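Reading the structure
Take a look at the letters that make up each chain.
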Amino acid sequence: MTIDWPAFTPGSALTGGLLIGFAAAFLALTLGRVAGISGILGSLLVSARGASADRGWRIAFLVGLVLAPAVATLAAVPLPPVQTLVDWPWLVLAGLLVGLGTRIGSGCTSGHGVCGLARGSLRSLAATLTFMAFGVGTVWLFEHALRVSP
Amino acid sequence: MRAVAAFLCGLIFGVGLLVSQMTNPMKVIGFLDVFGRWDPSLALVMGGALVVASIGFWWVERRGRTMLGDELALPPRRPVDARLLGGSALFGIGWGIGGFCPGPAVVAASALSFDAAIFVVAMLAGMWIATRLASRLATPAGAGQAAAGPGAQ
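What follows deals with the overall build of chain B. Broken down by element type, chain B carries seven helices and one strand. The order of helices and strands in chain B, counted from the N terminus, is α-α-β-α-α-α-α-α. Counting the 153 residues in chain B, one finds 56% classified as buried. For chain B, the proportion of contacts with a sequence separation of at least 24, taken over those separated by at least 6, is 39%.

The next thing to look at is the overall build of chain A. Secondary structure summary: chain A contains six helices and one strand in total. Reading chain A from its N end, one meets helices and strands in the order β-α-α-α-α-α-α. For chain A, the proportion of its 150 residues judged to be buried stands at 57%.

Counting residues at the interface gives 112 residues for chain B, matched by 114 residues for chain A. Looking at the side of chain B that touches chain A, the elements with two or more residues in it are helix H1 (2-19), helix H2 (25-32), strand E1 (37-38), helix H3 (41-63), helix H4 (82-98), helix H5 (102-110), helix H6 (114-137) and helix H7 (140-148) of chain B. The residue makeup of the side of chain B that touches chain A, split by class, is 72 nonpolar, 30 polar and ten charged. As paired elements, strand E1 (residues 2-3) of chain A and E1(B) share two bridges and run parallel to each other. Of the residues in E1(B), the one forming a bridge with Ile3(A) is Trp38(B).

With 24 residues, H6(B) should cover 34 Å at 1.5 Å per step; its first-to-last C-alpha distance of 35 Å lies within 8% of that length. Listed as buried for H6(B) are Asp115(B), Ala116(B), Ile118(B), Phe119(B), Val120(B), Ala122(B), Met123(B), Gly126(B), Met127(B), Ala130(B), Thr131(B) and Ala134(B).

What follows covers the environment of Leu72(B). Topologically, Leu72(B) is positioned in the loop between H3 and H4. Leu72(B) sits in the partly exposed class, given 17 other C-beta atoms within 10 Å.

Glancing now at the packing of helix H4 (residues 88-104) of chain A against H6(B). Packing of H4(A) against H6(B) brings their axes to within 6 Å, and their N-to-C directions diverge by 40°. Here H4(A) lies oblique to H6(B), going by the angle between them. As for how H4(A) packs across H6(B), the hand of that crossing is right-handed. Among the residues making up the contact of H4(A) with H6(B), the classes are represented as 20 nonpolar, four polar and two charged.

Attention now goes to unusual backbone geometry. The phi angle at Ser106(A) is positive, at roughly 55°, despite the residue not being glycine. Mapped onto the secondary structure, Ser106(A) falls in the loop between H4 and helix H5 (109-118). Notably, Gln21(B) is not glycine yet its phi reads approximately 65°, a positive angle. Looking at where Gln21(B) falls in the secondary structure, it is placed in the loop between H1 and H2.

Now for the nonpolar core. Of all hydrophobic cores here, the largest spans 93 residues; its most connected members are Ala23(A), Ala24(A), Cys9(B), Ala105(B) and Phe119(B). Per-element accounting of this core gives the leading share, twelve residues, to helix H1 (residues 10-31) of chain A. The contacts of Cys9(B), once residues within four sequence positions are left out, are Ala23(A), Phe26(A), Leu27(A), Ala35(A), Phe61(A) and Gly64(A).

On to H1(B), then. Since there are 3.6 residues in each turn of an α-helix, residues three or four apart along the chain are aligned in direction. Residue and element names in this part refer to chain B. Across its 18 residues, H1 extends 26 Å between first and last C-alpha, which sits within 8% of the 26 Å expected from 1.5 Å per residue. Among the 18 residues in H1, 13 count as buried, and that is most of the element. At the C-terminal side of H1, glutamine 21 shows a positive phi close to 65°.

In the contact formed by H4(A) and H4(B), the axes pass within 7 Å of each other and the chain directions differ by 155°. The pairing of H4(A) with H4(B) is recorded here as roughly antiparallel in orientation. The handedness of the crossing between H4(A) and H4(B) is left-handed. Residues Trp90(A), Leu91(A), Leu93(A), Ala94(A), Gly95(A), Leu97(A), Val98(A), Leu100(A), Gly101(A), Thr102(A) and Ile104(A) of H4(A) lie in contact with H4(B), whose contacting residues are Arg83(B), Gly86(B), Gly87(B), Ser88(B), Leu90(B), Phe91(B), Ile93(B), Gly94(B), Trp95(B), Ile97(B) and Gly98(B). Here the residues of the contact of H4(A) with H4(B) are counted per class, giving 13 nonpolar, eight polar and one charged.

Before going further, it helps to examine the confidence of the model for chain B. Residues and elements named next belong to chain B. Looking at chain B, pLDDT values average 90 and 90% of them are 70 or higher. Taking the mean pLDDT of every element in chain B, the minimum, 45, falls on H7 and the maximum, 98, on H5. Across residues 141-153 the pLDDT falls below 50, and counting only partners more than four positions away or on other chains, this stretch makes 33 contacts in the model. With pTM at 0.92, the complex prediction returns an ipTM value of 0.94.

Conventions we followed
Residues numbered from 1 in each chain as written. Chains lettered and ligands numbered in written order. Predicted model: local features only at pLDDT ≥ 70, side-chain atom pairs only at ≥ 80, totals over all residues. Helix = DSSP H or I, 4+ residues; strand = E, 2+ residues; numbered from the N terminus. Buried ≥ 20, exposed ≤ 12 C-beta atoms within 10 Å, placed from the backbone. Contact = placed C-beta atoms within 7 Å. Nonpolar A, V, L, I, M, F, W, Y, C, P; charged D, E, K, R; others polar. Pairing = 2+ DSSP bridges. Expected span 1.5 Å × (residues − 1). Axes fitted to C-alpha atoms, helices over the stretch in contact; angles between N-to-C directions. Parallel < 35°, antiparallel > 145°, perpendicular 65-115°, else oblique. Left-handed = near helix turned anticlockwise from the far one by under 90°. Core = buried A, V, L, I, M, F, W, Y, C linked by C-beta atoms within 7 Å. pLDDT = per-residue confidence, 0-100.

Okay, here's the thing in structure tokens:
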């Protein structure tokens, strides 16, 4: 392992992380809910029947999320580039796997990785270690073993 | 009031993802590339988020009620099972291929990235398929739980 020092951005990473943590804490304190993006998206895809009380805050949260780039631009926060390393057929495969996996596994980086771990959930720890390990393994396969992407 | 709070949370969450550059797949792949040139940034993002979120969750769970006086609706603590690990493994593979997880993908698509938009459409399709699979495979009671259960984060 070699650390990519030029790519390492500790200041912005920590600042962004604190904002994410604050948002998750604020949602728990005001609504008593977990800020899990896959759960919020996935629940909205399911019929509104019986869950109408939860529909409102989920949509409001998503509107905030979607407006974040515009608000950041207005606040003169520079938007980072979006640099993908694979062509769109791979992005479609990746999207399908992320959509399937986060619903089957009941959470993603936000629900398990931030909120679940913050609550000391054993399930979230197991989930986070699993998706981290498979993420690392997949990148090793693509970047080093197969060299599919540049 | 609840909608305003949720909107602000989404907004701050999204700005946090932008500031930390987690909306850039190259940063995420750099973190997962432990066996190559490793960019540890994401570890600090998670670490910073965890410290603040832990205080928030500790406080609200001790209070037992939200600041607005409502009861908490946090996911119940359940044992680790094969579904959790299998789903997380699939998610990890997709995360490693694309460098997007759900939150950053939505924010990147909102910043008008066409690649992110393609990913989000496929991800929503995957979520929809997962829900269909759950309602087909499970018993009627289990299907309801899989679709919108309290354990879903």
